[in-house]
Amino acid sequence: MNKISISIPGSNGKMGKTLLSLILESSKYEIASATCLPNEDEVGVDIGLFAGKSKINKEINAEPSSMFQNSNVLIDFTAPDATMFHAKECYNNNMAIVIGTTGLNADQENELRSFSKKIPIVYSANFSIGVTLLSQLVSNATKTLGFDWDIEVLEMHHKQKVDSPSGTALLLGKSAADARQQELSNVKSISRDGLVGKRKSDEIGFAVLRGGDVVGEHSVLFCNSGERIELAHKATDRSIFASGALRASYWAASAEPGFYSLADVLENGGWKSLIQFLSYFFKTSFNINFSI
């Protein structure tokens, strides 16, 4: 495949700036458009200089329509309402979209699925390759251990994060619930305060920590009498999410219409055998602590 053109809304945010920097460092991508809100200071700033690179004579702009001109893929890490607007415009312009926005509700996710009948959509709460592997391991561990083991999900993020639990924590909880053939909404316990009563055997608990500049830490604990299994992932640099999104965008640019996850992207990129190996290893070794 030749070089692909990418549009970045919210390009003046932390993730947007990281994406711009990685695109400018690569020969596989080029920037079609980078936007921000009309009242923000970055309007008119050269994209290269903003990203800490050389001047490229293309500026951050405040015209949403520019993102759908001469672009192969849009990468969206904005907010739910903005994401849905961008997805609708991608649908109208027959353009692929990669979505890392968290906090979308069920109706919005269903609308994305309807758009995916015409365009490729890669949607994930976390674009870390390690988290994708972790989700697979959680699913296999749950199937192996059954209902005899209690499941708790612990996550920590920086103090500026506005949603709780994180989309990644919910993704991991859903992997466990799906493996038990349950709806996560029926078994999740988000808050425990006061006399909440005895823990239910099929409950999936969530604990949330916020503080400092933590990029993202997630652990899934399987607890039984006398032993505990912990599967964990710690992100120390947000560029891992940008790298995963770029990998997904390159794949999506030539994909058939459909609603895809990062696992689908990786499976088609040669990671399936590694996932299968780790899953087999887990099934044959209970007394372990994975740290991806």
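Structure shown above.
Everything numeric in this text was worked out from a predicted model, so none of it was measured.

A.B. asks: Looking at this model, I keep getting lost on unusual backbone geometry. Mind explaining?
C.D. replies: Where the residue is not glycine, phi is negative for most of them; where a peptide bond is considered, it is trans in most cases. Going from Ser 164 to Pro 165, the amide bond is cis rather than trans, its omega being -10°. Tracing the sequence through the fold places Pro 165 in the loop between strand S6 (150-157) and helix H6 (167-179). One non-glycine residue, Asn 57, lies in positive phi territory at about 60°. Along the chain, Asn 57 turns up in the loop between helix H2 (47-50) and strand S3 (73-76). Look at Asn 57 and you get exposed, because its relative accessible area is 66%. Even without being a glycine, Asn 70 presents a positive backbone phi close to 55°. Assignment of secondary structure puts Asn 70 in the loop between H2 and S3.

A.B. asks: Would you take a moment to explain the sheet that holds strand S5 (residues 120-123) for this structure?
C.D. replies: Taken together, six strands build an open sheet; the order of strands is S2-S1-S3-S4-S5-S11 and the sheet is parallel. In this open sheet, the two strands that pair with only one neighbour each are strand S2 (29-34) and strand S11 (258-260). The mean angle between the axes of side-by-side strands here comes to 20°, regardless of whether they run parallel or antiparallel. Strands strand S1 (4-8), S2 and S3 of the sheet are contacted by helix H1 (residues 14-25), whose axis makes an angle of about 145° with S2. The sheet strands contacting helix H4 (residues 106-115) are strand S4 (96-99), S5 and S11, and the helix crosses S5 at an angle near 145°.

A.B. asks: Please explain the nonpolar core as it appears in this structure.
C.D. replies: Within soluble globular proteins, side chains that are nonpolar generally end up buried alongside one another. With 35 residues, the main nonpolar core has Ile 6, Leu 19, Leu 20, Ile 75, Val 98 and Val 122 as its most contacted residues. Put simply, the parts of the chain that give this core at least two residues each are S1, H1, S2, H2, S3, S4, helix H8 (239-252) and helix H9 (262-267). By residue number, the principal contributor to this core is H8, which donates seven residues. Leaving out residues up to four positions away in the same chain, Val 122 has contacts with Ile 97, Val 98, Ile 99, Phe 127, Ala 248, Trp 251, Ala 252, Tyr 260, Ser 261, Leu 262 and Val 265.

A.B. asks: Looking at this structure, how should I read the pattern of salt bridges?
C.D. replies: Should the charged atoms of two oppositely charged side chains come close, the side chains can pair. Applying the stated criterion across every chain, the model contains nine salt bridges. The salt bridge involving Arg 210 is made with Glu 155; its shortest N-O contact spans 2.7 Å. Pair noted here: Arg 210 is in strand S8 (residues 204-210) and Glu 155 is in strand S6, with a separation of 55 residues, a long-range link. Among the ionic pairs, Glu 230 bridges to Arg 228, the shortest N-O distance being 2.8 Å. For Arg 228, a relative accessible area of 51% puts it in the exposed group. Connected through shared salt-bridge partners, Asp 150, Glu 152, Arg 192, Arg 199 and Glu 203 make up one network.

A.B. asks: When you look at the packing of aromatic side chains in this model, what are you seeing that I'm missing?
C.D. replies: Two descriptors summarise a pair of aromatic rings, namely the distance from one centre to the other and the angle between the planes of the rings. Using the criterion set out here, one finds five aromatic pairs in the structure. Ring centres of Tyr 123 and Phe 259 lie 5.9 Å apart, and the angle between their planes is 50°; on these two criteria the pair is classed as tilted. Of the two residues, Tyr 123 is situated in strand S5 and Phe 259 in strand S11; the sequence distance between them amounts to 136 residues. Their ring planes at 90° and their centres at 4.7 Å tell us that Trp 251 and Tyr 260 sit as a pair that is edge-to-face. With a relative accessible area of 18%, Tyr 260 lands in the buried category. The ring centre of Tyr 250 lies 4.3 Å from the NZ or CZ of Lys 28, which sits over that ring. One Lys or Arg, Lys 118, reaches over the ring of Tyr 91 and ends 4.6 Å from the middle of that ring.

A.B. asks: Would you explain the packing of helix H5 (residues 129-145) against H6 in this entry?
C.D. replies: Helix-helix packing is characterised by the crossing angle of the two axes and by the distance between the axes. Running from N to C, H5 and H6 point in directions that differ by 30°, and their axes come no closer than 8 Å. Between H5 and H6, the interaxial angle falls into the category roughly parallel. Our pair here, H5 against H6, has a crossing hand that is right-handed. Across the interface between the two elements, Val 131, Leu 134, Ser 135, Val 138, Ser 139, Thr 142 and Lys 143 of H5 pack against Thr 168, Leu 171, Leu 172, Ser 175, Ala 176 and Ala 179 of H6.

Procedures and definitions
Residues numbered from 1 in each chain as written. Predicted model: local features only at pLDDT ≥ 70, side-chain atom pairs only at ≥ 80, totals over all residues. Heavy atoms only, no water. Helix = DSSP H or I, 4+ residues; strand = E, 2+ residues; numbered from the N terminus. Buried < 20%, exposed > 50% of the residue type's maximum accessible area, 1.4 Å probe, protein only. Pairing = 2+ DSSP bridges. Axes fitted to C-alpha atoms, helices over the stretch in contact; angles between N-to-C directions. Contact = heavy atoms within 4.5 Å. Core = buried A, V, L, I, M, F, W, Y, C linked by side-chain atoms within 4.5 Å. Salt bridge = Lys/Arg side-chain N within 4 Å of Asp/Glu carboxyl O. Phe/Tyr/Trp six-rings, centres within 6.5 Å; stacked < 30°, edge-to-face > 60°. Lys NZ or Arg CZ within 6 Å of the ring centre and 35° of its normal. Parallel < 35°, antiparallel > 145°, perpendicular 65-115°, else oblique. Left-handed = near helix turned anticlockwise from the far one by under 90°.

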